[in-house]
Amino acid sequence: FRCHADVINWALWAMFIVCYEDASNKFVLIQSHGIPKVLQAMRNCPDRLDVCRHGIALLFDWLREDTATCHPTHRLDMWRIRDMARSAGLHDVVLEILEAYSEVPDVVMMGTELLAGTGYQKTELPTVQIEELD
């Protein structure tokens, strides 16, 4: 099922729901080598916006600094986690997704923040124009 986009999409969404603002679940999935697996899932289905969106959202949640959800026994070393993500190819995957989905504001915003937050410096970061809602 590693190339089945519908399965990957729902798996990424389920992990996002389970981990959102829950440091203990984040800890378990990250320690289980979740970051390289999420990146590989995104590499396997680059032509599916929903897979890319859910993967970016999950990585954005995992890599953000969030002291409000720190669990006393599940301390996450964010710099180590960001290094793991970079080593697993985060920048290449995010850049490919940003190029493919440059018109999708939430993907561009989260992807740009992921690049900025993990020390990407090779080229200028992409930007997106947000239109006012009527």
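The model shown is predicted, which means the values in this text are computed figures rather than measured ones.

(A) Structural view of the pattern of salt bridges. Tallying each qualifying case throughout the model produces 6 salt bridges. Here Asp61 and Lys26 are joined by a salt bridge, their closest N and O atoms 3.4 Å apart. Here Asp61, found in helix α4 (residues 49-63), pairs with Lys26, found in helix α2 (residues 23-31); they are 35 residues apart in sequence, far enough to count as distant. The salt bridge involving Asp83 is made with Arg86; its shortest N-O contact spans 2.0 Å.

(B) Structural context of the packing of helix α6 (residues 90-100) against helix α7 (residues 105-117). Viewed as axis vectors pointing N to C, α6 and α7 meet at an angle of 155 degrees, and their least axial separation amounts to 10 Å. Our classification of the angle between α6 and α7 gives roughly antiparallel. Judged by the twist between their axes, the crossing of α6 over α7 is left-handed. Here Leu90, His91, Val94, Leu95, Ile97 and Leu98 of α6 come into contact with α7, specifically with Val107, Val108, Gly111, Thr112, Leu114 and Leu115. Counted by class, the contact of α6 with α7 contains 9 nonpolar, 3 polar and no charged residues.

(C) Region of the structure containing unusual backbone geometry. Positive phi, close to 60 degrees, is recorded for Glu21, a residue that is not glycine. Looking at the secondary structure, you find Glu21 in the loop between α1 (5-19) and α2.

(D) Region of interest: the packing of aromatic side chains. Tallying each qualifying case throughout the model produces 2 aromatic pairs. A centroid spacing of 5.6 Å and a plane angle of 25 degrees characterise the contact between Trp13 and Phe16, whose relative ring orientation is stacked. Taken together, the residues Trp13 and Phe16, both in helix α1 and 3 residues apart, mark about one turn of the helix. In this structure Trp13 comes out as partly exposed when scored by relative accessible area, which is 33%. Three or more aromatic residues joined by ring pairs form one cluster here, namely Trp13, Phe16 and Tyr20. Against the face of Trp79 rests Arg82, its NZ or CZ located 4.9 Å from the ring centre.

(E) Here's a closer look at the environment of Gly34. Counting through the fold element by element, Gly34 comes out in helix α3 (residues 34-44). With 28 residues separating them along the chain, Gly34 and Trp62 place their C-alpha atoms 9.8 Å apart. In this view, Gly34 contacts Leu29 and Trp62; residues no more than four positions away in its chain are not counted.

Cut-offs used in this document
The numbers attached to residues start from 1 for each chain and follow its sequence in the written order. For a predicted model such as this one, the threshold for reporting local features is a pLDDT of at least 70, and the threshold for listing and counting side-chain atom pairs is 80 or more; totals across whole chains, interfaces and linings nevertheless cover every residue. With hydrogens and water excluded, all non-hydrogen atoms of the structure serve as input to the side-chain values. The rule for a salt bridge is simple: a side-chain nitrogen of Lys or Arg has to be within 4 Å of a carboxyl oxygen of Asp or Glu. Only DSSP runs of H or I reaching four residues or more are called helices, and only runs of E reaching two or more are called strands; each is numbered from the N terminus. Structural elements are reduced to axes, namely lines fitted to C-alpha atoms, with helices fitted over the stretch in contact, and the angle between N-to-C directions of any two is expressed from 0 to 180 degrees. For classification, angles of less than 35 degrees are called roughly parallel, those exceeding 145 degrees roughly antiparallel, those between 65 and 115 degrees roughly perpendicular, and all remaining angles oblique. Two helices cross in a left-handed way if the nearer one is turned anticlockwise from the farther one by less than a right angle. They cross in a right-handed way if the turn is clockwise. Between two residues, a contact is recorded if the distance between any of their heavy atoms is within 4.5 Å. Each residue is assigned to one of three groups, with Ala, Val, Leu, Ile, Met, Phe, Trp, Tyr, Cys and Pro labelled nonpolar, Asp, Glu, Lys and Arg labelled charged, and all others, Gly among them, labelled polar. Between the rings of Phe, Tyr and Trp (Trp by its six-membered ring), a pair exists once the centres lie within 6.5 Å; its type follows the angle of the planes, with under 30 degrees stacked, over 60 edge-to-face, and the other angles tilted. For every residue, the accessible area obtained with a 1.4 Å probe (protein chains only) is divided by the maximum for its type, and the residue is called buried under 20%, exposed over 50%, and partly exposed between those limits. Here, a charge over a ring is recorded when the distance from Lys NZ or Arg CZ to the ring centre is within 6 Å and its angle to the ring normal is within 35 degrees.

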